[in-house]
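In case you want the letters, here they are:
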Protein chains: 2
Amino acid sequence: MSEQSVTAQSEDFSRWYNEIVYRADLAAPSPVRGCVIIKPYGYEIWEGIKAGLDRRFKATGHQNAYFPLFIPESYIRREAQHVEGFSPELAVVTHAGGKELEEPLVVRPTSETVIGEAFSDWIQSYRDLPLLINQWANVVRWELRTRPFLRTAEFLWQEGHTAHATHDEAERETLQMLDIYADFAVNDAAIPVIKGEKSKMERFAGALRTYTIEAMMRDRRALQSGTSHNLGQNFAKAFDIRYLAESNTQEYCWTTSWGLSTRMVGAVVMAHGDDKGLRLPPKLAPYQVVIVPIFKNDSQRGAVMEAVERLQSALEDAGIRVHIDKRDGQSPGFKFNDWEMRGVPVRMEIGPRDVEKNNAVLARRDVLGRQGKQFVSQDGIVEAVQSLLTDIQRSMLEDAREFRDAHITDAASYDELRSIVADGDWARVFWDGDDDDEVSVKDETGATIRCFPFNQPSGQGKCVVSGRTTERVALFAKAY
Amino acid sequence: MSEQSVTAQSEDFSRWYNEIVYRADLAAPSPVRGCVIIKPYGYEIWEGIKAGLDRRFKATGHQNAYFPLFIPESYIRREAQHVEGFSPELAVVTHAGGKELEEPLVVRPTSETVIGEAFSDWIQSYRDLPLLINQWANVVRWELRTRPFLRTAEFLWQEGHTAHATHDEAERETLQMLDIYADFAVNDAAIPVIKGEKSKMERFAGALRTYTIEAMMRDRRALQSGTSHNLGQNFAKAFDIRYLAESNTQEYCWTTSWGLSTRMVGAVVMAHGDDKGLRLPPKLAPYQVVIVPIFKNDSQRGAVMEAVERLQSALEDAGIRVHIDKRDGQSPGFKFNDWEMRGVPVRMEIGPRDVEKNNAVLARRDVLGRQGKQFVSQDGIVEAVQSLLTDIQRSMLEDAREFRDAHITDAASYDELRSIVADGDWARVFWDGDDDDEVSVKDETGATIRCFPFNQPSGQGKCVVSGRTTERVALFAKAY
């Protein structure tokens, strides 16, 4: 909120990010290692994300429930890959109510185990399937290197957990939820994510297949923004989730899980922000319009505020989220900078001359300077603002899509891959390597397979590492 | 969900409660001591509670934020009464990321300390006040005796935390939030709570004054359903929350906190339920109307389902929450019982004859049997259902109010108090006793001071214990 300028993205993107997060008032440092406080402005973005997803989950038949924060340590150990994946990151309660616990309790890093145990109780017959549950919750993973929203020891998320009678139905669910994530990212967050499958190495611990949406940030790094897992029968076998089939036999269920977290707030910051601060897509912006009244004396103030409040009412009645910046003792210029920092999509300025002429000035956050300014009549303000918000939403998505497409390049050889990735771009390559190959590429270039995108080219090519002919391309990039 | 009848309230209320909670599918047992799983049907009631409160909080200028789950142990110790109040109930993380922590982390039992520390950073001058924050979160208190919703080791709640420039402003906030709780309880939950002040002994650990809403359950026990605390300057001093006043001096803030939890779900169960199961007030019912289609063969099915789906659409378009019970292989009678157990306010039955006559049967959950049934024309279904829901909401509140008022009796002497309480009612008495007197009444009768109600009689009387003349009455009751 100070008037100092921020570090330029081109100078130090990582520093830019940290400065923006704190100065746009999204988060504040906390006294607990690796945790941040999500401040109201950041939390409202999260509330927008929650509302957008929750609506889509419910429309597809999912119901919310709540499971315990604590998981008996023995549960985590029941699925072999799962315990291996999560053990290094667990926070453990050993004492409670003044006594040492007989069995330590793990603070949930994710809830497959405790929900698996519940499902084994709840599911008796095919009539109980599919079981479609979602949970909004906090989880804890004791990460060594943390960054606000992107990776914190505690974070907020939703985790979906479903059980099905067949593999195919579970697979359809897994893909449906990935589509919902992508639909939300594209249409609400204006982030043109790429849908694809994770490599074996990057799979969720215990999953048959993991699907992902990958987003390109403004520094061209990839951010995994949501994942959906087909868990096969692994958890069903570990937790004895069985059903009586119509054929009167006992069968193991097929389960899925899928999650999206407060990381998405970081994605919005890094996919859209510029050197002036945040740029928020209208659908997720806590305030879609900020009104800055401009006056020099009390008589001007009266006339200006009358107009401002009238316009606010009109906009709010139309369902637009409006804030009037009434702060005394701050210049309009300070306020303009401050709201640019906070990324409000539309700024409305109203001064005495605007009142006289029955006008208002609308300024777009996504197009700074004169080009983004227009004078509109107060009479048609609702329509003008609505159409501007629609255009900003569309235009931000288009910008991000152009940026993304300009920075994904086909590489025909490992040398090309290396050079593309060294430049910071994403490389698309034919890939038929094994785990070891993937590890060496990572060690040598810093890039990982973000996904095998669903959108595959037709035709074949040679794997850039093994030289084997394959039909499958992978996207390599450095990632958060 | 089975057809066995439940234990009668009159026989064993506590057993009735546990049976209802599980059989109406509000909750399920969990593998973690003292924790339950909140199942979708119970969670939807909580979502209704959240929505009703959140709307009221935002309308009065509060913003949501999120603070860390973990609190450094040393923070809890900073406010002397606070640590004494909460120490016996703390769950403590001693290990994380495979190592022993240098300082153990307490799982928050409430967040005054960590939020107090944040406020001391965020507040610089009088311009930053008032600061009005709310958090929706899970908290953990390691209670010895737990019951679903009423007292669990982990529970969900909201905790409001505000800072103000003056005592009076903090007091107004404290009372405003109590009014909001009462407004929600009365108008949404149909529970006629009594607002009042807690005695010194029952105050929040570290508060100057604690206000409460007290509800009477169907066994006549009291349930403290929400509390609002004026914290004075105690936390401001412990966490150095100061502001630069307009007079250019540094002053300590005055803070408040207020909370309402998933306990309210238990309140709804116990304030309204009967021997048939839940009775949900329409405003909080996940389904306001359940439609049970009745047919004997496929040709009837076609005609009935056509009508049922048409009526469902009409009701949903009007914003009414409707569920059609399409379960095959269950008799209408089974379904009627099942939805009575789950407390759906209105049941609609449609059979072939109703289709012919363009009728539907509406049955009220709050008035069982013929008296609560009516035939209505399908043409005016939306208006009929809307007016029925309004009437049920009103009538449930009225019932609960009559029940409450019939079971609060003035006691002129300690003997009378003792006998009223022994009968299970609440006793209203003039009270000017001290802490020791309060303890002896509790030891002798099992009753505690629920509150000094805001609604005080005019005039004076003699304290039933000390014999001193006083103007103040207290409500004594056995409580959850």
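Given the structure is predicted, the values throughout are model-derived calculations rather than measurements.

*Asks:* An account of the side chain of Glu349(B) is requested, with residue identities and associated values reported.
*Replies:* Residue and element names in this part refer to chain B. One can find Glu349 in strand β17 (residues 346-350). A relative accessible area of 7% means that Glu349 is categorised as buried. At a separation of 3.4 Å, a polar atom in the side chain of Glu349 contacts the side chain of Lys373. Those residues within four positions of Glu349 in sequence are excluded, and the remaining contacts are Val292, Ile294, Phe336, Asp354, Ala360, Val361, Ala363 and Lys373.

*Asks:* How would you summarise helix α1 (residues 13-23) of chain A if you had to cite specific residues and measurements?
*Replies:* In an α-helix, one full turn covers 3.6 residues, which means residues spaced three or four apart are oriented alike. All names here are of chain A. All of the buried residues along α1 are Phe13, Trp16, Tyr17, Glu19, Ile20, Val21 and Arg23. Residues of α1 that are buried in the fold lie against β1 (27-29), α8 (263-272) and α10 (332-341). Asp25 sits one or two residues past α1 and shows a positive phi near 70°.

*Asks:* Requested: an account of the relation of the copies chain B and chain A, with residues and values cited.
*Replies:* For the pair chain B and chain A, the superposition axis carries a translation of 0.0 Å, the fit reaches an RMSD of 0.0 Å, and the rotation angle comes to 180°. Put plainly, the chains are arranged around a two-fold axis. Across chain B, the smallest distance between a C-alpha and the rotation axis is recorded for Val93(B), namely 2.1 Å. Both copies contact each other with a shared surface, as 100% of the interface residues of chain B are interface residues in chain A too.

*Asks:* I'd like a rundown of the packing of helix α9 (residues 298-317) of chain B against helix α12 (residues 381-406) of chain B, residues and numbers included.
*Replies:* Residues and elements named next belong to chain B. Look at α9 against α12: their axes get within 9 Å of each other, and the N-to-C directions meet at 60°. Relative to α12, the element α9 lies oblique. For the crossing formed where α9 meets α12, the hand is right-handed. Residue-level contacts link Leu311, Ala314 and Leu315 of α9 to Ile381, Val382 and Val385 of α12. In the contact of α9 with α12, the residues fall into six nonpolar, no polar and no charged.

*Asks:* Run through the packing of helix α2 (residues 40-59) of chain B against helix α6 (residues 167-187) of chain B, naming residues and quoting values.
*Replies:* All names here are of chain B. Put simply, α2 and α6 touch, their axes get as near as 10 Å, and they point 140° apart. Accordingly, the angle class assigned to the pair α2 and α6 is oblique. Classified by chirality, the crossing of α6 by α2 is right-handed. Contacts between α2 and α6 involve Gly48, Ile49, Gly52, Leu53, Arg56 and Phe57 from the first element and Met177, Ile180, Tyr181, Asp183, Phe184 and Asn187 from the second. Looking at the contact of α2 with α6 residue by residue, the class counts come to seven nonpolar, three polar and two charged.

*Asks:* Explain the environment of Val36(B) to me, using residue names and the numbers behind them.
*Replies:* Within the element layout of this structure, Val36(B) appears in strand β2 (residues 36-38). Along the primary structure Val36(B) and Val465(B) are separated by 429 residues, whereas in three dimensions their C-alpha atoms are 41 Å apart. What Val36(B) contacts, discounting residues up to four positions off in sequence, is Tyr66(A), Pro68(A), Tyr22(B), Ala27(B), Ala28(B), Ser30(B), Pro148(B) and Thr152(B).

*Asks:* Summarise the sheet that holds strand β19 (residues 373-377) of chain B; cite the residues concerned and give the values.
*Replies:* Residue and element names in this part refer to chain B. Spatially, β16-β15-β17-β18-β19 is the arrangement adopted by the five strands of the open sheet, whose pairing is mixed. Strands with a single pairing partner mark the edges of an open sheet, and in this sheet they are β16 (322-324) and β19. The sheet shows a mean angle of 25° between the axes of neighbouring strands, taken without regard to direction. Of the pairings in the sheet, the one linking strand β18 (residues 359-364) to β19 comprises five bridges and is antiparallel in character. Along β19, the bridge assignment pairs Leu362 with Gln374. Of the strands in this sheet, β15 (289-293), β16 and β17 are in contact with α9, which crosses β16 at around 165°. Sheet contacts for helix α10 (residues 332-341): β15, β16 and β17; angle to β15, the most-contacted strand, approximately 170°.

*Asks:* Lay out the environment of Ile45(A) in plain terms, naming residues and giving numbers.
*Replies:* Residue and element names in this part refer to chain A. Its location among the elements puts Ile45 in helix α2 (residues 40-59). Exposure remark for Ile45: the relative accessible area of 1% places this residue in the buried category. Put simply, Ile45 and Met348 are 303 residues apart on the chain and 21 Å apart in space, counted from C-alpha to C-alpha. In this view, Ile45 contacts Leu26, Val265, Leu280, Leu284 and Pro286; residues no more than four positions away in its chain are not counted.

*Asks:* Describe in detail the side chain of Thr227(B), supporting the description with residues and values.
*Replies:* Residue and element names in this part refer to chain B. One can find Thr227 in strand β11 (residues 222-230). When its relative accessible area of 11% is taken as the criterion, Thr227 is described as buried. Of the polar contacts made by the side chain of Thr227, one reaches the side chain of His229; its length is 3.4 Å. Those residues in contact with Thr227, other than ones at most four positions away along the chain, are Tyr181, Thr210, Tyr211, Thr212, Ser257, Trp258 and Gly259.

*Asks:* Tell me about the domain arrangement of chain A, residues and numbers included.
*Replies:* Residue and element names in this part refer to chain A. Along its sequence, chain A is organised into domain 1 (13-272), domain 2 (289-391) and domain 3 (408-477). The straight-line distance from the C-alpha centre of domain 1 to that of domain 3 is 28 Å. Tallying the contact residues gives 21 residues for domain 1 and 17 residues for domain 3. Summing both partners gives a buried area of about 1600 Å² for domain 1 against domain 3, and 60% of it is carried by carbon and sulfur. Among the residues of domain 1 in contact with domain 3, Ile194, Met201 and Arg220 are the three that bury the most area, contributing 33% of the side total. Across the domain 1-domain 3 interface, the total number found is three salt bridges. In this structure, Asp435 engages Lys200 in a salt bridge whose closest nitrogen and oxygen atoms are separated by 2.9 Å. Here domain 1 is connected to domain 3 by nine residue pairs in polar contact (both at pLDDT 80 or more). Taken together, the elements giving at least two residues each to the side of domain 1 that touches domain 3 come down to α6 (167-187), β9 (194-197), β10 (209-216) and β11 (222-230). For the side of domain 1 that touches domain 3, the element with the most residues is β10, which contributes five residues. Its residues assigned to classes, the side of domain 1 that touches domain 3 shows eight nonpolar, four polar and nine charged.

*Asks:* Residues and numbers for the sheet that holds strand β22 (residues 448-453) of chain A, please.
*Replies:* Residues and elements named next belong to chain A. With mixed pairing, 11 strands are arranged side by side in an open sheet as β3-β7-β8-β14-β11-β10-β9-β22-β25-β21-β20. Each edge of the sheet is formed by a strand with only one pairing partner; in this case those strands are β3 (63-64) and β20 (408-410). Judged from the four bridges that link them, β11 and strand β14 (residues 254-261) form a sheet pairing that is antiparallel. When the bridges of β14 are listed, Ser228 appears paired with Trp258. Against the sheet, helix α12 (residues 381-406) engages β9, β10 and β20, with an angle of about 30° to β20. Along the sheet face, helix α13 (residues 414-422) touches β20, β21 (426-430) and β25 (473-477) and points at about 165° away from the line of β21.

Rules of the game
Think of each chain on its own: its residues are numbered from 1, step by step along the sequence as written. Chains and ligands are labelled by the order in which they are written, letters from A for the one and numbers from 1 for the other. The predicted origin of the model limits local features to residues at a pLDDT of at least 70 and limits the giving and counting of side-chain atom pairs to 80 or more, whereas totals for whole chains, interfaces and linings rest on all residues. Neither water nor hydrogens contribute to the side-chain values; these are computed over all heavy atoms in the structure. Labels follow the DSSP assignment, with helices taken as runs of H or I lasting at least four residues and strands as runs of E lasting at least two, numbered in each case from the N terminus. Exposure classes here rest on a 1.4 Å probe applied to the protein chains alone. A residue is buried below 20% of its type maximum, exposed above 50%, and partly exposed in between. N or O atoms closer than or at 3.5 Å make up a polar contact, with two conditions inside protein: a donor-capable atom paired with an acceptor-capable one, and, for residues adjacent in sequence, both atoms drawn from side chains. Whether two residues are in contact is decided by their heavy atoms: any pair within 4.5 Å suffices. All copies are superposed by least squares; the fitting set is the C-alpha atoms of residues with a pLDDT of at least 70 in both. Simply put, an axis is a line fit to the C-alpha atoms, just over the touching stretch for a helix, and the angle between two N-to-C directions goes from 0 to 180 degrees. In this scheme, roughly parallel covers angles under 35 degrees and roughly antiparallel covers those over 145, while 65 to 115 is roughly perpendicular and the rest are oblique. Crossings are assigned a handedness: left-handed for a near helix turned anticlockwise from the far helix by less than a right angle, right-handed for a clockwise turn. The nonpolar class holds Ala, Val, Leu, Ile, Met, Phe, Trp, Tyr, Cys and Pro. Asp, Glu, Lys and Arg form the charged class, and all remaining residues, Gly among them, are polar. Two strands make a pair as long as DSSP finds a minimum of two bridges between them. Start and end points for every domain follow an automatic or database-based domain assignment. A 1.4 Å probe defines the accessible area here, and the buried area is the portion of it lost by two parts on being joined, summed over both. For this document, the term salt bridge refers to a Lys or Arg side-chain nitrogen within 4 Å of an Asp or Glu carboxyl oxygen.

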